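# Chains, contacts and geometry: an overview
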Amino acid sequence: MSAPTSAGWRPDPLLTIDDVATWLRKPKNTLYAWHSRGKGPRAIRVGNTLRYRRSEVDRWLNAHTDPER
């Protein structure tokens, strides 16, 4: 029996707070405030910096999208 391969697998990119701030057009301070209050996209603390999985930002945006009218 052969071991599963990782062919075609790619890691979910980790975005910097600057990346996410630019994407969402929000100041970095807003993202820091959201993080400290448990709001906004989930972040990962790497050392003394925050990183965001692209899929988490997409998930958060989808959850906060107005329903179709």
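### Digging into the overall build of the protein
The helix and strand tally for the protein stands at three helices and three strands. Its helices and strands taken in sequence order, the protein reads β-α-α-β-β-α from the N to the C terminus. In the protein, which comprises 69 residues, the share counted as buried stands at 20%. Carbon and sulfur atoms make up 49% of the accessible area of the protein, which totals about 5,800 Å².

### Concerning the packing of aromatic side chains
Inspection of the entire model under this criterion finds one aromatic pair. Consider the rings of Trp 34 and Trp 60, whose centres lie 5.4 Å apart with planes at 45°: the pair is tilted. Of this pair, Trp 34 sits in helix α2 (residues 28–37) while Trp 60 sits in helix α3 (residues 54–63), placing them 26 residues apart in sequence. In this structure Trp 60 comes out as buried when scored by relative accessible area, which is 14%.

### Concerning the pattern of salt bridges
Per the counting criterion, the structure on display carries three salt bridges. For Arg 42, the salt bridge is made with Glu 56, and the minimal N-O distance between the two is 3.3 Å. Taken together, the residues span a long stretch of sequence, with Arg 42 in the loop between α2 and β2 (44–46) and Glu 56 in helix α3 at a distance of 14 residues. A salt bridge links Glu 56 to Arg 59; the nearest nitrogen and oxygen atoms lie 3.1 Å apart. Of this pair, Glu 56 and Arg 59 both sit in helix α3, three residues apart, roughly one helical turn. Each of the salt bridges in this network shares a partner with another, and the network as a whole consists of Arg 42, Glu 56 and Arg 59.

### Let's talk about the side chain of Glu 56
Judged by its relative accessible area of 12%, Glu 56 falls in the buried class. In this view, Glu 56 contacts Pro 41 and Arg 42; residues no more than four positions away in its chain are not counted.

### Description of α3
The set of residues buried in α3 consists of Glu 56, Val 57 and Trp 60. Projected down its long axis, α3 carries its buried residues within an arc of 100°, all on one side. The inward-facing, buried residues of α3 abut α1 (17–24), α2 and β3 (49–53).

### Description of the confidence of the model for the protein
Summary statistics for the protein give a mean pLDDT of 90 and a share of 90% for residues scoring 70 or more. Within the protein, no element has a lower average pLDDT than β2, which sits at 94, and none a higher one than α1, at 97.

Procedures and definitions
Residues numbered from 1 in each chain as written. Predicted model: local features only at pLDDT ≥ 70, side-chain atom pairs only at ≥ 80, totals over all residues. Heavy atoms only, no water. Helix = DSSP H or I, 4+ residues; strand = E, 2+ residues; numbered from the N terminus. Buried < 20%, exposed > 50% of the residue type's maximum accessible area, 1.4 Å probe, protein only. Areas by Shrake-Rupley, 256 points an atom, 1.4 Å probe, with all protein chains shown as cover. Phe/Tyr/Trp six-rings, centres within 6.5 Å; stacked < 30°, edge-to-face > 60°. Salt bridge = Lys/Arg side-chain N within 4 Å of Asp/Glu carboxyl O. Contact = heavy atoms within 4.5 Å. Arc of directions from axis to C-beta. pLDDT = per-residue confidence, 0-100.

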